[in-house]
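Structural overview
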Amino acid sequence: MPKIYIDQGHNPTSPNTGAEGNGLREQDVTYVVGQELATLLRRSGNYEVRLSRPTPDTKLGTSNSGSLRARVDDANSWGADYFVSIHTNASEARSASGVEAFAYARGTRAFALGEDIVDNLAEATGLANRGMKVRPGLYVLKRTNMPAVLVEIGFITNPRDAALMRDNPELFARGIYNGIVEYTGLR
């Protein structure tokens, strides 16, 4: 049974808080989407699940780097098979919209998982598919012992993306879930 580590990006309070836009905070959106995703995965009966933030008040680390290290160390020590970090994107351009994801390198299991997640996330939400990208400098991608994907579920700074995050967080969870299912072949 694959062990899926769901990292709900950012802390509820400093350090390592996330972006803000349209009356939303990234750390609140990622918390809810992560909880919804965990419910879907557990309900299937085919996955073991661990959350970086099991409660809305869970705060990891005492610095930005300590927060990232705590998430990676937890996933590594648990022996996760896959690491999925959930984030919201932000841009000065309010028109920027869509979903994208990052992996450490092309041609890896993480990159393939990310492609399935992004495709299914775009389909579930109706947001533009900005594709998979490589980001070897991201701590959670380079320090995990398992395939790791950082998913930007949409732009919190875009009014339409943000409204969808506020009103239908389950769509984002369903899209990520469908991507994991497509990749693993386990419903």
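The sections below set out a description of the structure shown in this document.

Criteria and thresholds
- Residues numbered from 1 in each chain as written.
- Predicted model: local features only at pLDDT ≥ 70, side-chain atom pairs only at ≥ 80, totals over all residues.
- Heavy atoms only, no water.
- Pairing = 2+ DSSP bridges.
- Helix = DSSP H or I, 4+ residues; strand = E, 2+ residues; numbered from the N terminus.
- Right-handed = clockwise from strand over helix to strand, strands pointing away.
- Phe/Tyr/Trp six-rings, centres within 6.5 Å; stacked < 30°, edge-to-face > 60°.
- Buried < 20%, exposed > 50% of the residue type's maximum accessible area, 1.4 Å probe, protein only.

**Comments concerning the pairing of strand β7 (residues 129-134)**
Pairing analysis gives four bridges linking strand β6 (residues 99-103) to β7, with the strands arranged parallel. Of the residues in β7, the one forming a bridge with V99 is N129. For the handedness criterion, the β-α-β arrangement of β6, helix α3 (residues 109-125) and β7 is classed as right-handed.

**Describing the packing of aromatic side chains**
Scanning the model with the defined rule gives three aromatic pairs in all. With 6.4 Å between their ring centres and 55 degrees between their planes, Y5 and W78 make a pair best called tilted. Of this pair, Y5 sits in strand β1 (residues 3-8) while W78 sits in helix α2 (residues 64-78); the two residues are 73 residues apart in sequence, bridging distant segments of the chain. Here Y5 and W78 have matching classes, each one buried. Ring plane angle 10 degrees and centroid distance 5.4 Å describe the contact between Y5 and F83, whose orientation is recorded as stacked. In this pair, Y5 sits in strand β1 while F83 sits in strand β5 (residues 82-89), placing the two residues 78 residues apart along the sequence. You can call Y5 buried: its relative accessible area is 0%.

**Considerations on the pairing of strand β4 (residues 48-51)**
Every second residue of β4 is oriented toward a common face, the buried set being V49 and L51 and the non-buried set E48 and R50. Pairing geometry for β1 and β4, over four bridges, is parallel. Residue pairing across strands places Y5 opposite R50, the latter belonging to β4.

**Digging into unusual backbone geometry**
Put simply, S14 and P15 share a cis peptide bond, and its omega is 10 degrees. Checked against the element boundaries, P15 lands in the loop between β1 and β2 (20-21). Here N22, not a glycine, exhibits a phi torsion of approximately 55 degrees, which is positive. A residue is classified by how much of its surface remains accessible, and N22, at 32% relative accessible area, is partly exposed.

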